[in-house]
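Structural overview
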Amino acid sequence: MAGCPYLPHTDADIKAMLERVGVEKLDDLYSDVPSEFLHKGAYALPGAKSEEEIRTYFHSLEAMNSHLKVFVGQGAYDHYTPSVIPYLAQRSEFLTAYTPYQCEISQGTLRYIFEYQSMICGLTGMDISNASMYDGPTAAAEAMKMTIACTRKKTRVLLSRGLLPNVLKVIETYAKFHGVELGYVPVMNGQTCPNCLRAELSKGDVAGVIVPSINRYGIVEDHSGFAELIHGAGAIMVEYCDPSALAVVKTPGEWGADIAVGDGQSLGLPLCYGGPYVGFMAVRKDYMRKMPGRIVGETRDGAGRRAYVLTLQAREQHIKREKATSNICSNESLMALWVTIYLSLMGPEGLREVNRISSDGAHYLYNELLATGKFEEVFPGKPFLKEFVLKPKESPELMQQGLEKAGFFAALGTEDGYVTFCVTEKRTKEEIDELVKTVREG
């Protein structure tokens with residue numbers, strides 16, 4: 001390793017460090033690793049390249065990717081990202097953002113986190129937001145743990161079968177290793193079944209219930225009476241949301257929910273092959289001391305000037321794992337900033353326009369696909385916004401393959417035998433017509 005151009009250490013540096021840890025040579029650091037697992041011989045490192053050669057090489061790798069027009073949602077949506085967002089988010093003072101323990105030198109970071117929290121509260125209709133969670137599914141799993149902590153002696157959490165499959169799986173993983181018992185509420189006619197929910201709640205051991213604002217079929221659920229049922233059983237209501245859609249659908253606060261969670265990806269975050277995304281969590285003030293992660297509060301300094309600080313939680317909560325409510329603290333700060341810039345740029349009118357264009361396109365595609373004669377309606381008359389399911393009269397796999405060859409990622413098959421479609425404001429009428437033509441001729 002000595003003299004390697006990729007490492008800054010001199011032979012003297014390496015010798016001093018080895019002496020400090022009490023070994024004679026670098027190989028001694030791996031003495032516990034069986035020899036058959038150790039690489040022997042030279043590394044196949046390429047030779048030096050010029051800057052232009054490096055650019056050409058990586059462009060050739062990028063060209064191997066498929067660039068498809070995205071007509072699938074299922075929790076990750078191809079919404080427009082204003083070009084100013086990556087420019088601002090990549091400024092050097094933001095790229096290394098860490099949990100701002102020293103508030104006297106972190107006012108800028110604390111300010112945008114406070115603004116993020118305020119915007120999430122505005123979207124959800126809740127009192128308090130944290131900043132922030134890893135992604136939507138893990139935020140839902142943390143909410144599951146919260147319901148147990150807040151109700152103490154109750155041991156069971158109910159999940160709607162209308163939740164996205166990946167959300168269910170992550171919650172199930174957390175539940176297994178935290179000893180939480182799960183129950184399930186089926187979907188009847190495209191909606192979380194209220195009678196089934198009532199029957200489960202009557203058993204008296206339910207700490208919380210997690211239901212989707214917009215379910216896995218794209219249907220906007222009607223939660224009338226849910227809060228009364230759940231609270232009447234002494235349980236906590238959690239709603240899993242698409243935050244972009246909250247600009248036009250009833251908010252968790254309006255439904256009477258206690259906790260709102262979801263993924264902020266739909267607020268301008270690119271798909272990026274699956275991340276990084278950002279989970280959000282907002283709660284009624286009664287539960288704010290049970291929230292995982294950070295909360296930034298506004299106060300006044302000694303001179304009476306407005307100032308921002310981490311509040312309600314000591315620093316130790318974030319570094320002593322055995323005492324923390326969650327190990328999530330600073331990892332998604334940059335994505336929270338991204339969401340904050342997006343919401344600042346779009347404003348309420350912009351978000352409503354995004355949903356109007358998406359909804360118009362989705363309903364147009366829905367009707368055009370039915371007109372091909374290759375689909376059947378699954379939930380006729382049920383309200384949807386930008387995403388829907390249909391039942392294909394031919395193989396979903398063959399349909400998806402044909403669409404992929406034509407440049408579309410669409411008709412994703414579900415475990416129910418349906419296919420899903422999604423339209424955002426980025427999809428044009430010409431693209432929709434071309435997709436329909438491909439289906440018709442396939």
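In the block above lies the structure referred to throughout.
Computed from a predicted model, the values in this text were never measured in an experiment.

So, on to the overall build of the chain. When helices and strands are counted, the chain shows 14 helices and 17 strands. If one aligns the C-alpha atoms of the chain with their principal axes, the spans along those axes are about 75 × 60 × 50 Å. Counting all 442 residues of the chain, 46% fall into the buried class. Partitioning the intrachain contacts of the chain with sequence separation of at least 6 by distance along the chain shows that 69% fall at a separation of at least 24. In the structure as shown, the chain presents an accessible area of about 22,600 Å², 53% of it carried by carbon and sulfur atoms.

What follows deals with the sheet that holds strand β17 (residues 419–422). Sheet strands line up and pair through hydrogen bonds in the backbone, either parallel or antiparallel. If you trace the four strands from one edge of the open sheet to the other, you get β13-β14-β17-β16, paired in antiparallel fashion. What marks the edges here is a single partner per strand, and that holds for β13 (375–377) and β16 (412–413). Both β13 and strand β14 (residues 387–392) contribute to a ladder of three bridges, which runs antiparallel. Looking across to β14, one finds that Phe375 is bridged to Pro392. Its contacts with the sheet place helix α12 (residues 333–371) against β13, β14 and β17, and it is angled at close to 10° to β14.

This next bit is on unusual backbone geometry. The omega torsion across Ala131 and Ser132 is -10°, close enough to zero to call that bond cis. Mapping Ser132 onto the fold places it in the loop between β2 (128–129) and α6 (136–151). Omega for the bond connecting Gly275 with Pro276 falls within 30 degrees of zero, at 5°, which places this linkage in the cis form. Checked against the element boundaries, Pro276 lands in the loop between β9 (259–263) and β10 (279–283).

By the definition in use, this model includes eleven aromatic pairs. Pairing Tyr217 with Phe379 gives two aromatic rings, centres 5.1 Å apart and planes at 50°, and the pair type is tilted. On the criterion of sequence distance, the pair formed by Tyr217 in the loop between β7 (206–212) and α9 (226–232) and Phe379 in the loop between β13 and β14 is long-range, its members being 162 residues apart. In this pair, the class of Tyr217 matches that of Phe379, namely buried. Arranged with centres 5.7 Å apart and planes meeting at 25°, the rings of Phe388 and Phe421 form a pair that is stacked. You can see Phe388 sitting in strand β14 and its partner Phe421 sitting in strand β17, a full 33 residues away along the chain. Phe421 shares its class with Phe388; the two are buried. Taken together, Tyr366, Phe375, Phe384, Phe388 and Phe421 form an aromatic cluster joined through their ring pairs. Of note, Arg161 hangs over the ring of Tyr184, and the distance from its end group to the ring centre comes to 3.8 Å. A cation over a ring is seen here: Lys386 above Tyr77, with NZ or CZ 4.2 Å from the ring centre.

Quick look at the sheet that holds β9 now. In space, the seven strands of this open sheet follow the order β2-β10-β9-β8-β7-β3-β4, with mixed pairing throughout. Of all the strands in the sheet, just β2 and β4 (181–185) have a single pairing partner and so form its edges. Pairing analysis gives five bridges linking β7 to strand β8 (residues 236–241), with the strands arranged parallel. Residue pairing for β8: Pro212 is matched across the bridge by Tyr240. Relative to the sheet, α6 contacts β3 (156–160), β4, β7, β8, β9 and β10, its axis offset from that of β9 by approximately 160°.

A few words on the packing of helix α5 (residues 107–124) against α12. Orientation of α5 relative to α12, taken along the N-to-C sense of each, is 50°, at an axis distance of 9 Å. What the angle tells us is that α5 and α12 run oblique. For the element pair α5 and α12, the recorded crossing hand is left-handed. Contacts from Tyr112, Ile113, Glu115, Tyr116, Met119 and Leu123 of α5 reach α12 at Ser333, Leu334, Ala336, Leu337, Val339, Thr340, Leu343, Ser344 and Leu351. Looking at the contact of α5 with α12 residue by residue, the class counts come to eleven nonpolar, three polar and one charged.

Calculation rules
- Residues numbered from 1 in each chain as written.
- Predicted model: local features only at pLDDT ≥ 70, side-chain atom pairs only at ≥ 80, totals over all residues.
- Heavy atoms only, no water.
- Helix = DSSP H or I, 4+ residues; strand = E, 2+ residues; numbered from the N terminus.
- Buried < 20%, exposed > 50% of the residue type's maximum accessible area, 1.4 Å probe, protein only.
- Contact = heavy atoms within 4.5 Å.
- Areas by Shrake-Rupley, 256 points an atom, 1.4 Å probe, with all protein chains shown as cover.
- Pairing = 2+ DSSP bridges.
- Axes fitted to C-alpha atoms, helices over the stretch in contact; angles between N-to-C directions.
- Phe/Tyr/Trp six-rings, centres within 6.5 Å; stacked < 30°, edge-to-face > 60°.
- Lys NZ or Arg CZ within 6 Å of the ring centre and 35° of its normal.
- Parallel < 35°, antiparallel > 145°, perpendicular 65-115°, else oblique.
- Left-handed = near helix turned anticlockwise from the far one by under 90°.
- Nonpolar A, V, L, I, M, F, W, Y, C, P; charged D, E, K, R; others polar.

Geometry only, nothing functional implied.
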